[in-house]
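Here is how the chains run, residue by residue.
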Amino acid sequence: MGTNGVSRLSRLGAPLLGAAMIVAGSAANVAIAQGDEEDLSSAEKEGKEVAFDRQKGNCLACHEIPGGEQPGNLGPSLAGVADRLDEERIRKQIRDAEEFNPVTSMPPFGKHEILTEEEIDKVTAFLMTLKY
């Protein structure tokens, strides 16, 4: 036992185990996403391009997305997002996240015309393919 009855293994083991699970989960999601690339429709592929484009959607600046490189961690992981949210909610979140959280740091892509309505539809279509 260490300080205050907490073993050294508990203090060190839990964070290491958590980090290993995140890395393993991310690797599995990337492998699944890359394997499914050929199954995407043209709208879904275009949505992925917009989402990954650093000059357009720039989703990777804040979110981990299967198949994306150098993701940020300010926002939640989008792996499995289609299992958590329905299509309408995802679209509304992209269009104006302030509708759900007035102090969000996510830009209102539609309200501020960062993305067109068509681009929002395509990004939504791509995100709807992200299932566990």
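Residues numbered from 1 in each chain as written. Predicted model: local features only at pLDDT ≥ 70, side-chain atom pairs only at ≥ 80, totals over all residues. Heavy atoms only, no water.

**Overview of the overall build of the protein**
- Regarding its fold elements, the protein presents five helices and zero strands.
- The secondary structure elements of the protein, listed N-terminal to C-terminal, are α-α-α-α-α.
- Burial analysis of the protein (132 residues in total) assigns 32% to the buried set.
- Counted over contacts in the protein with a minimum sequence separation of 6, partners at least 24 positions apart contribute 46%.
- Accessible area for the protein stands at about 8300 Å²; split by element, carbon and sulfur atoms hold 55% of it. (Helix = DSSP H or I, 4+ residues; strand = E, 2+ residues; numbered from the N terminus. Buried < 20%, exposed > 50% of the residue type's maximum accessible area, 1.4 Å probe, protein only. Contact = heavy atoms within 4.5 Å. Areas by Shrake-Rupley, 256 points an atom, 1.4 Å probe, with all protein chains shown as cover.)

**Observations regarding the layout of surface pockets**
- Considered as a void within the structure, the largest pocket measures approximately 480 Å³ in volume.
- What lines the largest pocket is a set of 25 residues, and nearest its centre among them are H63, P76, L78, Q93 and M106.
- Mapped by element, the contributors of at least two residues to the lining of the largest pocket are α3 (81–84) and α4 (87–95).
- At four residues, the largest contribution of residues to the lining of the largest pocket is made by α4. (1 Å grid on protein atoms, 1.4 Å probe; cavity = no way out; pocket = protein on both sides within 12 Å on 5 of 7 lines; lining within 4 Å. Points joined across faces, edges and corners; volume = space filled by probe spheres on them.)

**Considerations on the side chain of E64**
- Tracing the sequence through the fold places E64 in the loop between α2 (42–52) and α3.
- In terms of polar contacts, E64 uses its side chain to reach the side chain of S77, at 2.4 Å. (Polar contact = N/O pair within 3.5 Å; in protein donor to acceptor, adjacent residues only side chain to side chain.)

**What about the confidence of the model for the protein?**
- A residue-level look at the protein finds 73% of positions with pLDDT of 70 or above and a mean pLDDT of 83.
- Contacts of residues 26–35 to residues separated by more than four positions or lying in other chains number eight contacts, the stretch itself having pLDDT below 50. (pLDDT = per-residue confidence, 0-100.)

**With respect to the pattern of salt bridges**
- Going through the model one piece at a time under the given rule, you end up with nine salt bridges.
- Note that E46 and K122 form a salt bridge whose closest N and O atoms lie 2.3 Å from each other. Of this pair, E46 sits in helix α2 while K122 sits in helix α5 (residues 117–127); the two residues are 76 residues apart in sequence, bridging distant segments of the chain.
- R91 serves as the salt-bridge partner of E117, at 2.6 Å between the closest nitrogen and oxygen. Of this pair, E117 sits in helix α5 while R91 sits in helix α4, and the two are 26 residues apart along the sequence.
- Accessibility expressed as a relative area gives 22% for R91, which makes it partly exposed.
- The structure contains a network of salt bridges with shared partners spanning R91, R95, E117 and D121. (Salt bridge = Lys/Arg side-chain N within 4 Å of Asp/Glu carboxyl O.)

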